[in-house]
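Results of the structural survey
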Amino acid sequence: MTEKYKLTILVIVLLFSHLITKAQFITFKHDGIDRQYLYYEPTNLNENMPLVFVMHGFTGDANNMRDYSEMNQIADQYGFAVCYPRGTFDSNGNRFWNVGYAFHQTETINDVSFLTELAEYLQITHSLNPDYTFATGFSNGGEMCYMLACQAYETFKAVAPVAGMILQDILDECDGSLPIPLFEIHGSQDNVTPLSGDPNNNDGWGAYPSIPFTINYFSDKNECTTVVTETLPNIDASDGSTIVSEKHLDGINNNQVWYYDVVGGGHDWPGAWGNMDTNASEEAWLFFQNHIDNTLLLPNLEDLENTIRIFPNPTNNVINVETNNPLEIKEIVIRNTLGINLNLKPTNGLIDLTNFNTGVYLLSITTSKGTITKKVVKN
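Because the structure is a prediction, the values reported are computed rather than measured.

**Digging into the pattern of salt bridges**
Counted according to the given criterion, the structure contains six salt bridges. Of the charged contacts in the structure, one is a salt bridge between D34 and K29, with a shortest N-O distance of 2.8 Å. Of the two residues, D34 and K29, neither departs from the other in class, the shared state being exposed. Where D111 meets R35, a salt bridge forms, and the shortest distance between an N and an O atom there is 2.9 Å. Taken together, the residues span a long stretch of sequence, with D111 in helix α4 (residues 111-125) and R35 in strand β2 (residues 33-40) at a distance of 76 residues. Exposure class is identical for D111 and R35. Each is buried. Through salt bridges with shared partners, a single ionic network connects D61, R86 and R95.

**Some remarks on the side chain of D277**
Within the secondary structure layout, D277 lies in the loop between β12 (257-263) and α8 (280-296). Within the buried core, D277 has no salt-bridge partner, and the shortest N-O distance to an opposite charge, that of K247, equals 15 Å. A polar side-chain atom of D277 sits 3.1 Å from the main-chain amide nitrogen of I235. The residues touching D277, leaving out its near neighbours within four places in the chain, are P233, N234, I235, D236, D239, S241, T242 and I243.

**Details of α8**
Side chains three or four residues apart in an α-helix point the same way, a direct result of the helix having 3.6 residues per turn. With 17 residues, α8 should reach 24 Å at 1.5 Å per residue; the first-to-last C-alpha distance of 24 Å fits that figure. Summarising burial for α8: 13 of the 17 residues are buried, a large majority. The N-capping residue of α8, defined by a side-chain oxygen 2.9 Å from the backbone nitrogen of S281, is N279.

**Re the state of the cysteines**
Inspection of every chain in the model, using the stated rule, returns one disulfide. Two residues share a disulfide in this structure: C150 and C174, whose sulfurs sit 2.0 Å from each other. Sign of the S-S torsion, about -90 degrees for the bond between C150 and C174, identifies this disulfide as left-handed. With C150 in helix α5 (residues 140-151) and C174 in the loop between α6 (168-172) and β9 (182-187), the pair connects residues that are 24 residues apart, well separated along the chain.

**Describing a negative patch on the surface**
Negative charge collects at one region of the surface, where D169, D172, E173 and D175 lie side by side. Looking at where D169 falls in the secondary structure, it is placed in helix α6. Relative accessible area serves as the criterion here: at 57%, D169 is assigned to the exposed category.

So, how was this worked out
- Residues numbered from 1 in each chain as written.
- Predicted model: local features only at pLDDT ≥ 70, side-chain atom pairs only at ≥ 80, totals over all residues.
- Heavy atoms only, no water.
- Salt bridge = Lys/Arg side-chain N within 4 Å of Asp/Glu carboxyl O.
- Buried < 20%, exposed > 50% of the residue type's maximum accessible area, 1.4 Å probe, protein only.
- Helix = DSSP H or I, 4+ residues; strand = E, 2+ residues; numbered from the N terminus.
- Lys, Arg positive; Asp, Glu negative; His and termini not counted.
- Polar contact = N/O pair within 3.5 Å; in protein donor to acceptor, adjacent residues only side chain to side chain.
- Contact = heavy atoms within 4.5 Å.
- Expected span 1.5 Å × (residues − 1).
- Disulfide = S-S within 2.5 Å.
- Patch = residues over 30% accessible without salt bridge, like charges linked within 9 Å, V, L, I, M, F, W, Y side chains within 5 Å.
- Areas by Shrake-Rupley, 256 points an atom, 1.4 Å probe, with all protein chains shown as cover.
- Charge placed at Lys NZ, Arg CZ, Asp CG, Glu CD.

Next comes the structure, spelled out in structure tokens:
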């Protein structure tokens, strides 16, 4: 075969591969804007029907995130669906997630709303479990995970940021949110997002606390009572780094907070570059699977069903939420069958459905002992 023909075939292959990649993007309209994402579902989706969002970093893109994370291969192994959402372009032409960087104060895109609505859409259209929807991401994508933990905890049940941080402005408003499990992987020598934080915004991203402070904040928020620390096996001695694992256990609802301190590591996605002793993608999934296992092991959910009463049901107007013991009800959320939060707040245990259409609604009740969902019928 001549060099001319070899070159022609190579160009055709590359062009075809490019077209395949482009064709995989799916459009989702949000706030009047055509947003895009990649979706992958393995043939062996497991019985819990989980969904994992994987978010790219600043100036990155969804297809690059898919390629270096190799999360599709992890999904094939463990049986979960994957979504790689695509950020929009900022005023400088960089693709990003709008977490509120100091140089993004004029950006108005609402990525929390976009990701939440996309998750709810995928849950419905692909019959995925809303109780097992998670998020991980790198750098700016990791920072988006923190934002979701504080502002979209009803949709994303656990997050695993890699080389991310939480901006102080987001942290300041996080106290009122419900706790969810969190897992951070961070290099001790990260020169983009330093482990020590940047409380005075010297680097221009915005003020943010140190990673150890952040981990302790979420550990306290989840009411974890036990900390287990170990050094993981140094499988690749040539990568110049080791991993110290710090797991905060025995939290509310069996929640856990994990922290992998990659000693000597940089601004990396372990397993793709930098530290090669572990695979950040697989570790993120194992953390999510651990959360699923812990929720399935909760001993008191059946008791909750018998403890909390919803009446009258069906109802023409008002329903009453009542407990048979001093169980603390922390939050009540009512959604329609599309999974959309209707933002109706109870008053003294009463929920007024007078202005709602007839039909079925889902009532999620979060207590100090766990969360249950009950079906409510409006006549």
